[in-house]
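Listed below are the residues making up each chain.
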Amino acid sequence: MKPSLSIKLAQLATRLEELNGLLGAEDAARDLDRYRALTREHAEITPIVALYREWEQSGRDLAAAREMLADPQTKSFADDESKAAKARMEALEEQLQRALLPSDPNDERNVFLEIRAGTGGDESALFAGDLFRMYARFAERNKWQLELISESPGEMGGFKEVIARIIGQGTYSKLKFESGGHRVQRVPETEAQGRIHTSACTVAVLAEADPIADITINPAELRIDTFRASGAGGQHVNKTDSAVRITHLPTGLVVECQDDRSQHRNRAQAMAVLASRLLDREHQERHQKEAAMRKSLIGSGDRSERIRTYNFPQGRVTDHRINLTLYKIDAIMDGDLFELTQALAQEYQAELLAELGESA
């Protein structure tokens with residue numbers, strides 16, 4: 001183990017002893033906020049220190065086995081014990097490195113999913129509809145809840161733009177690598193010659209912002225317009241200006257919401273989307289500064305970056321960031337994204353481990 005990692009782990013072990021003393025004090029719960037913070041820190045550190053204690057014990061076992069190697073009568077036994085202790089130490093060291101990786105504070109947040117048609121006209125809008133269905137089915141498979149925020153239907157079907165909120169445990173952690181350019185190669189239904197066309201859509205996955213804790217929006221910097229929501233008509237035709245459009249003047253970001261008949265709820269939803277976009281904008285700027293210092297294996301996070309190709313004639317889906325090709329396009333379009341999302345998460349974790357090793 002590298003000395004810097006060993007020092008870090010020893011410091012955590014010392015801190016755990018301090019926390020045990022603080023939490024065991026008679027007046028520990030007098031300040032509830034401080035008590036909760038200490039309890040949370042104790043819960044985070046305890047499993048890491050337990051692994052560290054196992055690693056230390058394996059080190060002592062290894063040292064004892066090596067001492068016995070000098071005795072011919074115990075040499076065979078000591079050799080087996082030495083190999084076993086060394087293997088345990090290596091496995092525990094890998095676990096400890098993973099445990100020390102920084103966690104993403106957004107991983108457990110709900111997300112806003114935004115899909116926009118790009119090059120390809122009607123075919124791009126149809127593909128945007130297919131992508132939306134893919135993520136909706138993935139949400140079902142994870143027992144998440146999906147709320148449609150706004151939609152702009154395509155002329156031949158699908159969407160020019162669609163925004164949805166996905167609610168559930170670990171939504172951002174599983175969807176955060178989906179942001180970027182998605183390309184489709186297939187024969188459109190309107191293509192008489194059977195030629196393959198290439199179209200593209202842009203996907204953005206935004207962690208839902210806490211409008212109070214995460215971001216401050218100055219009301220004076222907003223222009224809020226109301227208008228009559230478009231609809232199919234009939235007895236439920238919208239006779240009031242319930243649709244809301246919010247423009248953030250400093251950045252030019254515009255959010256529309258007309259899915260609900262209540263102007264108040266549409267306004268609240270639009271503000272939530274705006275807050276998440278502004279928070280994402282801050283993260284993107286910070287990420288670009290970090291990316292200037294190091295290249296990310298998972299990509300720059302640039303929305304224009306092509307990340308995945310869906311080739312229907314060949315039945316394959318290729319993620320270009322990790323050079324992974326899966327020949328199961330029907331299952332993937334039906335929401336079976338588990339192999340893709342897991343592979344991306346593992347690659348990202350491997351990158352963080354490499355960085356930890358370089359800085360150690």
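These remarks concern the structure in this document.

Cut-offs applied
Residues numbered from 1 in each chain as written. Predicted model: local features only at pLDDT ≥ 70, side-chain atom pairs only at ≥ 80, totals over all residues. Heavy atoms only, no water. 1 Å grid on protein atoms, 1.4 Å probe; cavity = no way out; pocket = protein on both sides within 12 Å on 5 of 7 lines; lining within 4 Å. Points joined across faces, edges and corners; volume = space filled by probe spheres on them. Helix = DSSP H or I, 4+ residues; strand = E, 2+ residues; numbered from the N terminus. Nonpolar A, V, L, I, M, F, W, Y, C, P; charged D, E, K, R; others polar. Axes fitted to C-alpha atoms, helices over the stretch in contact; angles between N-to-C directions. Parallel < 35°, antiparallel > 145°, perpendicular 65-115°, else oblique. Left-handed = near helix turned anticlockwise from the far one by under 90°. Buried < 20%, exposed > 50% of the residue type's maximum accessible area, 1.4 Å probe, protein only. Contact = heavy atoms within 4.5 Å. Phe/Tyr/Trp six-rings, centres within 6.5 Å; stacked < 30°, edge-to-face > 60°.

**What to know about empty space enclosed by the protein**
Inference 1: Tallying each qualifying case throughout the model produces one cavity of 30 Å³ or more.
Inference 2: Estimated volume of the largest cavity: approximately 50 Å³.
Inference 3: Surrounding the largest cavity, Asn106, Tyr172, Leu206, Ala207, Ser276, Leu279, Asp280 and His283 form its lining.
Inference 4: Going through the elements one at a time, strand 5 (197-207) and helix 6 (263-293) are the ones with two or more residues in the lining of the largest cavity.
Inference 5: Here the element with the most residues in the lining of the largest cavity is helix 6; it accounts for four residues.
Inference 6: Residue composition of the lining of the largest cavity, by class: four nonpolar, three polar and one charged.

**Things to note about the packing of helix 2 (residues 32-68) against helix 3 (residues 75-99)**
Inference 1: Where helix 2 contacts helix 3, the two axes come as close as 8 Å, and the packing angle between them is 160 degrees. Between helix 2 and helix 3, the angle falls in the class roughly antiparallel. Crossing of helix 2 over helix 3 shows left-handed handedness.
Inference 2: Here the contact of helix 2 with helix 3 is built from residues that sort into 14 nonpolar, four polar and eight charged.

**A closer look at the side chain of Asn106**
Inference 1: For Asn106, the position within the fold is in the loop between helix 3 and strand 1 (111-117).
Inference 2: Among the residues examined, Asn106 registers a relative accessible area of 8% and is labelled buried.
Inference 3: The contact partners of Asn106, leaving out residues within four places of it in the chain, are Tyr172, Ala207 and His283.

**Structural notes on the packing of helix 1 (residues 3-24) against helix 2**
For any two helices packed against each other, the geometry is given by the interaxial angle and the distance between the axes.
Inference 1: At a minimum axis separation of 9 Å, helix 1 and helix 2 run at an interaxial angle of 135 degrees. Considering the angle they form, helix 1 stands oblique to helix 2. Between helix 1 and helix 2 lies a crossing whose hand is left-handed. In this structure, helix 1 contributes Ser6, Leu9, Ala10, Leu12, Ala13, Arg15, Leu16, Glu17, Leu19, Asn20, Leu22 and Leu23 to the contact, and helix 2 contributes Arg34, Tyr35, Leu38, Thr39, Glu41, His42, Ile45, Thr46, Ile48, Val49, Tyr52 and Arg53.
Inference 2: Here the contact of helix 1 with helix 2 is built from residues that sort into 14 nonpolar, five polar and five charged.

**Focus: unusual backbone geometry**
Inference 1: Within the chain, Lys143 stands out as a residue other than glycine whose phi angle is a positive 60 degrees.
Inference 2: Within the secondary structure, Lys143 sits in the loop between helix 4 (121-141) and strand 2 (145-153).
Inference 3: Relative accessible area serves as the criterion here: at 74%, Lys143 is assigned to the exposed category.
Inference 4: Residue Asn323 is not a glycine yet carries a positive backbone phi of 50 degrees.
Inference 5: Assignment of secondary structure puts Asn323 in the loop between strand 10 (316-319) and strand 11 (324-326).

**Points about the packing of aromatic side chains**
Working definition: an aromatic ring pair is given by the centre-to-centre distance plus the angle between the planes.
Inference 1: Applying the stated rule across the entire model yields six aromatic pairs.
Inference 2: Here Phe132 and Phe159 contribute two aromatic rings whose centre-to-centre distance is 5.5 Å and whose plane-to-plane angle is 75 degrees, an arrangement assigned as edge-to-face. Residue Phe132 is located in helix 4, and its partner Phe159 is located in strand 3 (residues 159-167); the two are separated by 27 residues in the primary sequence. We note that Phe132, like Phe159, is buried.
Inference 3: Site record: aromatic cluster; members linked through ring pairs are Phe138, Trp144 and Phe338.

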